[in-house]
Amino acid sequence: MIIDCDTCTARATACADCVVTFLTIPVRASAPAPVLADTGPGTAAGAVELDAAEQHAIGVLAASGLVPPLRLVRAV
């Protein structure tokens, strides 16, 4: 799964309650930068790629109420 906030159609309305925002906001001055995907031509520079295990982990955390769910809505 590649998450590219620049292409999310819910960007203006759902960012505040999205796990991507939650996981990528700096919580302290020395917070490390997020790891960005480099999946080849046509992929946005700010896209984040999650493998199946990471997707499952985020789903479990969201279902438990520990983090907000992924609010990514792709254009059709």
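Along each chain, numbering runs from 1 in the same order as the chain's sequence is written. Reporting of local features is limited, given that this is a predicted model, to residues whose pLDDT is at least 70; pairs of side-chain atoms are given and counted only at 80 or more, and all residues count toward the totals for whole chains, interfaces and linings. For the side-chain quantities, the full set of heavy atoms in the structure was used; hydrogens and water were omitted.

(A) Spotlight on the overall build of the chain. Labels follow the DSSP assignment, with helices taken as runs of H or I lasting at least four residues and strands as runs of E lasting at least two, numbered in each case from the N terminus. Scanning the chain from terminus to terminus reveals 3 helices and 2 strands. Each of the 76 residues in the chain was classed as buried or not, and the buried ones make up 20%. In the chain, the proportion of contacts linking residues at least 24 apart, taken out of those at least 6 apart, comes to 72%. Every accessible area reported is derived by Shrake-Rupley at a probe size of 1.4 Å, with residue values counting cover from the shown protein chains alone. Carbon and sulfur atoms form 62% of the exposed surface of the chain, whose accessible area is close to 5,400 Å². Accessibility here uses a 1.4 Å probe with only protein chains present; expressed as a share of the type maximum, an area under 20% marks a residue as buried, one over 50% as exposed, and anything in between as partly exposed. The contact criterion used is simple: two residues touch if any of their non-hydrogen atoms lie within 4.5 Å.

(B) Geometry of helix α3 (residues 52–63). Multiplying one less than the number of residues by 1.5 Å gives the expected span of a helix. With 12 residues, α3 ought to run about 16 Å at 1.5 Å a step, and its terminal C-alpha atoms sit 16 Å apart, in line with that. Any pair of nitrogen or oxygen atoms within 3.5 Å is treated as a polar contact; in protein, a donor-acceptor pairing is required on top of that, and neighbouring residues in sequence qualify only through side-chain atoms on both sides. The residue sitting at the N-terminus of α3 and contributing the capping side-chain oxygen is Asp51; that oxygen lies 3.1 Å from the backbone nitrogen of Ala53.

(C) The arrangement of the pattern of salt bridges in detail. Should a side-chain nitrogen of Lys or Arg be within 4 Å of a carboxyl oxygen of Asp or Glu, the pair is scored as a salt bridge. Taken as a whole and judged by the stated rule, the model has 2 salt bridges. A salt bridge links Arg11 to Asp6; its shortest N-O distance comes to 2.8 Å. In this structure Asp6 comes out as exposed when scored by relative accessible area, which is 53%. Across the pair Arg71 and Asp17 runs a salt bridge, and its minimum N-O distance is 2.4 Å. Of this pair, Arg71 sits in the segment after α3 while Asp17 sits in the loop between α1 (11–14) and α2 (19–24), and the two are 54 residues apart along the sequence. Of the residues examined, Asp17 reaches a relative accessible area of 36% and is grouped as partly exposed.

Interpretation in functional terms is not warranted from these geometric data alone.
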